Amino acid sequence: MQHLQSVTHRLRFRYLLALGMIALVIGISVLASHYVTYLQASDAKTINIAGMQRMLSQKIALNVHRLQAPQQPTSVASTADALRLAINRFEQNHQFLLASLSSGEARYDSQHPAYPLYFVGDPDPLEQRVRDYISAARRWASGDPLPQDRGMFMPRHTEKLLGDLDSVVSAFEHQAQLRVKLLSWGQWALLLVALMVLSGQYLYLFRPIERQISDNLASLDKQRQEALELEQQANQASIAKSQFLATMSHELRTPLNGIFGMVELAQLESRTGTRQRYLNQALKSGRELLHLIEEILDIAHIESGKLVLKNNDFNLPSLLDECLAPHSVEAHKKGLQFTSQQSDNVPEWVYGDPIRIKQVLNNLLSNAVKFTPQGSVDVDIQYRTDEGRDWLHIEVTDTGIGIDKANLTRIFERFTQVDERSQRNYQGAGLGLAICKEWVDVMGGKLSATSIAGKGSRFTCQIPLGSPKAEHLEGIIAREGRIAIVDDLDSSRRYLGLIVEQLGFQCECFGSAKALLGALASGSRFDAVLIDQHMPDVDGISLAERLRDQYHGQCPLRILVSASDTALSAYAEDETLFWRRYLKPVDTAQLEQDLRLLRREDKEPATAKTRSSEPRILLVEDNDINAEVVLNMLQVAGFFCQRVDNGEEALSALEKASFDLVLMDINMPVMDGLQACKAMRGRGDTTPVVALTANAYDEDIERSRSVGMQAHLVKPVNREHLIKTVNRLIERS
Ligand code: ADP
């Protein structure tokens, strides 16, 4: 910056100097040309006057002659007057011509060519003779001539004077010519000086300026090139970083799968309190790590500009319940009040990106619970039509630590956590809101926040949604049976009620255990009760115990629904308390299958464990730890399972024996999962294939579909999810 200023100053000084010199040269030229014109005019005047002297001397001589021979007295007077006039003029001119001989200090310039004519003469110099001539003429004019005055005007004498006056004219002409020559030389010299000044300017001012400008341009160009190279390097580094992040987060999934699987298996093995607690903690930490990996993957996507929405029809009440239920459990665990209100017009099916909406909602809810040490978290969900579009309005309000004004605008920036305190007391990488904002922007929605430090925050999210593209008419088959639903969370009651009604059962919802017990006391009868575990006052477990103990044989079947899988597994052993246990989101196919058994005499449906013949699953996996995890999960769930190491071995295993399902890793040596599935479909094998892989990109899921796979499970896979998917596909086939 300073260098640029000094260059500018130097440039300005130089061009001002150049302009000044040009102005000086032009000024001198103008003055010189004025002077030349003046001199020429004065020379012309002098020559003119010198020429006039000749004519005047003749006139004087003529008048003197007339006075010498007078005709009449009147003409004598007029001739004398004319003579006087001529003499005066002649004398004036004479003085003028003598004055023009003067130069500087000297009275007369002896170098002037007219000087010798005037002052050096034989016998008398011209100047003396002119004076004598004037004096004689005056005496004639006054009528009092001297005797010698007669000879003065004799032709011989006059001719001589005329000749000398002619010479004076020539001398002045000669002098003028000399001056013209000199001036012309002067003008040439001036031109030469101007040219030298201009050349000097070019050499000493403009050329250095030109050199400096071209040097500066060259250095600017060099800097631009360097900046471009740096930009390229930065871009490459950024791409490499994004790729590295994507690869790392992908690679991290594989060992995580092993860790999750082993912990889940250990949970099944060990039921002792302390060990269970340790394992639960390990799982919790693992999930936090997985969440962080997913956030980093999202950032990598954002940085590479790869935020692509995956819009499709989805069930909105199901999604809302899926998000709200686990956070309500967390809130209750922390002793917070968790409420949710939902407008009645929330449609069942909408068109949008459910994964991203879930991600945004989960982030807002988990922050609200995380940053609220006491008080409440309230969720308000509205469905509105605005600007010709349908909008999902979600407002999450908490009474937590709040955010001060200065930080409120920063929280949507990446890696921003409000202060040291929040970093120390609360977990998180400060990525969630930034990612959510990006996704909401891509969806065309708005995400904003208001907050008062120490009082709480309100996050408002508006997401535009479309109408479903396909018809979603659930065939309602009237079934016998009345089902009760007990859940304190409005969204859960609505969603479970919807499922149960769509399965064709009669349904009644209760917001608390007390309400259900009241209805039962006043004679209402139900075949089954879907009970939420986490409820204020009387929780799901206490309610089930009361129902079991109070109603014995008359007791409706109790089905536990919980957003917490630890709660579910805690009561897995106690068959007397719950008939079935469901993890939210409820698997509707499984629920329907179970509810169908309600009217049967034998109310114990077949489970995987009691099937007549075990379903046969072929596991294709090269990683030993992952293979062991999945094998264990499947075997514990009652499946027969055979493992092979790669696609080629899978093809030969499928030739030798038949399987109900293939669980296929994608990245494997010899032959990968995609090639193997393609080969299977190529030879007419329709066995369902499930991809079980760390490849989590949308493109990866699309690639699995394109080769004929029925499902795509991303590692680390959740045991429940794996078993559900396997069951669903085996039953369908
Ligand atoms: P983090 O994973 O750290 O929670 P987020 O991007 O979700 O990252 O949030 C950024 C920061 O914004 C948080 O660290 C916290 O300081 C602040 N913040 C977000 N939600 C809330 C809230 N409900 N109450 C108070 N502070 C919040």
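Everything numeric here is computed off the predicted structure, so don't read it as measured data.

**Student:** I'm lost on the overall build of the chain in this one. Help?
**Tutor:** Looking only at helices and strands, the chain has 22 helices and 17 strands in total. The proportion of buried residues among the 733 residues of the chain is 43%. Of the contacts made within the chain by residues no fewer than 6 positions apart, 70% connect residues no fewer than 24 positions apart. Of the roughly 38,700 Å² that the chain leaves accessible, carbon and sulfur atoms contribute 54%.

**Student:** Could you clarify how one ought to interpret the confidence of the model for the chain in this entry?
**Tutor:** A low pLDDT means the predicted coordinates there should not be read in detail. Per-residue pLDDT for the chain averages 82, and the proportion of residues at 70 or more is 90%. Predicted confidence for residues 599–612 stays below pLDDT 50, and this span has 17 contacts to residues more than four positions away or in other chains.

**Student:** For this particular structure, what's the right way to read the side chain of Gln201?
**Tutor:** Residue position: Gln201 is located in helix α6 (residues 155–269). Those residues in contact with Gln201 that lie beyond four places of it in its chain are Leu17, Ala18, Met21, Ile22, Phe206 and Arg207.

**Student:** Could you clarify how one ought to interpret the nonpolar core in this entry?
**Tutor:** Note on soluble globular proteins: their nonpolar side chains tend to be buried together. Counting residues in hydrophobic clusters, the biggest one holds 49 residues, and the most contacted among them are Leu316 and Leu465. Breaking this core down by element, the ones donating at least two residues are α7 (273–303), α8 (316–333), α9 (354–370), β4 (376–386), β5 (389–398), α12 (432–443), β6 (446–452) and β7 (456–465). Looking at which element gives the most residues to this core, the answer is α8, with eight residues. Once you skip the residues sitting within four places of it in the chain, Leu465 turns out to touch Phe314, Leu316, Val350, Tyr351, Gly352, Ile357, Tyr383, Asp390 and Leu392.

**Student:** Would you take a moment to explain the environment of Lys358 for this structure?
**Tutor:** Following the sequence through the fold, Lys358 ends up in helix α9. Given a relative accessible area of 26%, Lys358 falls into the partly exposed group. Distance in space between the C-alpha atoms of Lys358 and Cys323 is 6.5 Å, their sequence separation being 35 residues. Leave out the neighbours within four places in its chain, and Lys358 touches Leu319, Glu322 and Cys323. One polar contact links Lys358 to Glu322, side chain to side chain, over a distance of 2.5 Å.

**Student:** Is there a simple way to think about the packing of α8 against α9 in this case?
**Tutor:** Geometry of a packed helix pair, given as the angle between the helix axes and the separation of the axes. α9 packs onto α8 with a crossing angle of 20° between their chain directions and a minimal axis gap of 10 Å. Here α8 is positioned roughly parallel relative to α9, judged by the angle of their axes. Note on packing geometry: the crossing formed by α8 with α9 is right-handed. Seen from α8, the contacting residues are Leu319, Leu320, Glu322, Cys323, Leu324, His327, Glu330 and Ala331; seen from α9, they are Pro354, Ile357, Lys358, Leu361, Asn362, Leu365, Ser366 and Val369. For the contact of α8 with α9, the residue count by class is 10 nonpolar, three polar and three charged.

**Student:** I'm lost on the environment of Tyr551 in this one. Help?
**Tutor:** Looking at the element boundaries, Tyr551 is found in helix α15 (residues 540–551). A sequence separation of 31 residues divides Tyr551 from Leu520, and the C-alpha atoms of the two residues are 9.7 Å apart. Setting aside residues no more than four positions away along its own chain, Tyr551 makes contact with Leu520, Ala521 and Arg546.

**Student:** What is the right way to look at the packing of aromatic side chains in this model?
**Tutor:** One pair of aromatic rings is described through two measures. These are the centre distance and the angle between the planes. Counting across every chain of the model gives six aromatic pairs. Ring geometry for Tyr115 and Phe119: centres 4.9 Å apart, planes at 40°, overall tilted. With a gap of four residues between them, Tyr115 and Phe119 both fall in helix α3 (residues 114–119), about one helical turn apart. By relative accessible area, which is 23% here, Tyr115 ends up partly exposed. Considering the side-chain rings of Tyr133 and Phe153, the 5.0 Å spacing of their centres and the 50° angle between planes classify their relative orientation as tilted. Placement of the pair is Tyr133 in helix α4 (residues 126–141) and Phe153 in the loop between α5 (149–152) and α6, with a sequence separation of 20 residues. Phe153 matches Tyr133 in its accessibility class, with the two residues each being buried. Taken together, the aromatic side chains of Tyr108, Tyr115, Tyr118 and Phe119 make up a single cluster linked through ring pairs. The ring of Trp391 has Arg389 lying over it, and the distance from NZ or CZ to the ring centre is 6.0 Å.

**Student:** Would you explain the UniProt feature "transmembrane region" (unreviewed entry) in the chain in this entry?
**Tutor:** Mapped onto this structure's residue numbering, the UniProt feature "transmembrane region" (unreviewed entry) falls at residues 15–36 and 188–206. As annotated, residues 15–36 comprises 100% helix and 0% strand, and the C-alpha atoms at either end are separated by 31 Å. Secondary structure across residues 188–206 divides into 100% helix and 0% strand, with the first and last C-alpha atoms of the span separated by 25 Å.

**Student:** Just to check I follow, could you spell out the pattern of salt bridges for this structure?
**Tutor:** Two side chains of opposite charge can pair, provided their charged atoms sit close to one another. One pass over the structure, following the stated rule, counts 22 salt bridges. Ionic pairing is found between Lys437 and Asp441, a salt bridge with its closest N-O pair at 3.6 Å. Residue Lys437 and its partner Asp441 are located together in helix α12, separated by four residues, close to a single helical turn. In this structure, the salt-bridge partner of Glu508 is Arg482, at a minimum N-O distance of 3.3 Å.

**Student:** What am I meant to see in the side chain of Asp685 here?
**Tutor:** Within the secondary structure layout, Asp685 lies in the loop between α20 (673–682) and β16 (689–693). Comment: no salt bridge for buried Asp685; closest opposite-charge side chain is Arg681, at 4.8 Å.

**Student:** When you look at the sheet that holds strand β9 (residues 506–510) in this model, what are you seeing that I'm missing?
**Tutor:** Pairing between the strands of a sheet comes from backbone hydrogen bonds, and it takes one of two forms, parallel or antiparallel. Across the sheet, five strands lie side by side as β9-β8-β10-β11-β12; this open sheet has parallel pairing. Looking at which strands have only one partner, the edges of the open sheet turn out to be β9 and β12 (580–583). Adjacent strand axes in the sheet meet at a mean angle of 20° when their direction is disregarded.

**Student:** Explanation requested: the packing of helix α2 (residues 73–99) against α4 in the structure shown.
**Tutor:** Axis separation between α2 and α4 bottoms out at 9 Å; the angle between their running directions is 160°. Judged by the angle between their axes, α2 and α4 are roughly antiparallel. Here the hand of the crossing between α2 and α4 comes out left-handed. Mapping the contact onto sequence places Ala80, Leu83, Arg84, Ile87, Asn88, Phe90, Glu91, His94 and Leu98 in α2 and Glu127, Val130, Tyr133, Ile134, Ala137, Arg138, Trp140 and Ala141 in α4. A breakdown of the residues in the contact of α2 with α4 according to their chemical character gives 11 nonpolar, two polar and four charged.

Scoring rules and cut-offs
- Residues numbered from 1 in each chain as written.
- Predicted model: local features only at pLDDT ≥ 70, side-chain atom pairs only at ≥ 80, totals over all residues.
- Heavy atoms only, no water.
- Helix = DSSP H or I, 4+ residues; strand = E, 2+ residues; numbered from the N terminus.
- Buried < 20%, exposed > 50% of the residue type's maximum accessible area, 1.4 Å probe, protein only.
- Contact = heavy atoms within 4.5 Å.
- Areas by Shrake-Rupley, 256 points an atom, 1.4 Å probe, with all protein chains shown as cover.
- pLDDT = per-residue confidence, 0-100.
- Core = buried A, V, L, I, M, F, W, Y, C linked by side-chain atoms within 4.5 Å.
- Polar contact = N/O pair within 3.5 Å; in protein donor to acceptor, adjacent residues only side chain to side chain.
- Axes fitted to C-alpha atoms, helices over the stretch in contact; angles between N-to-C directions.
- Parallel < 35°, antiparallel > 145°, perpendicular 65-115°, else oblique.
- Left-handed = near helix turned anticlockwise from the far one by under 90°.
- Nonpolar A, V, L, I, M, F, W, Y, C, P; charged D, E, K, R; others polar.
- Phe/Tyr/Trp six-rings, centres within 6.5 Å; stacked < 30°, edge-to-face > 60°.
- Lys NZ or Arg CZ within 6 Å of the ring centre and 35° of its normal.
- UniProt positions renumbered as here; feature names shortened; annotations may be inferred.
- Salt bridge = Lys/Arg side-chain N within 4 Å of Asp/Glu carboxyl O.
- Lys, Arg positive; Asp, Glu negative; His and termini not counted.
- Pairing = 2+ DSSP bridges.

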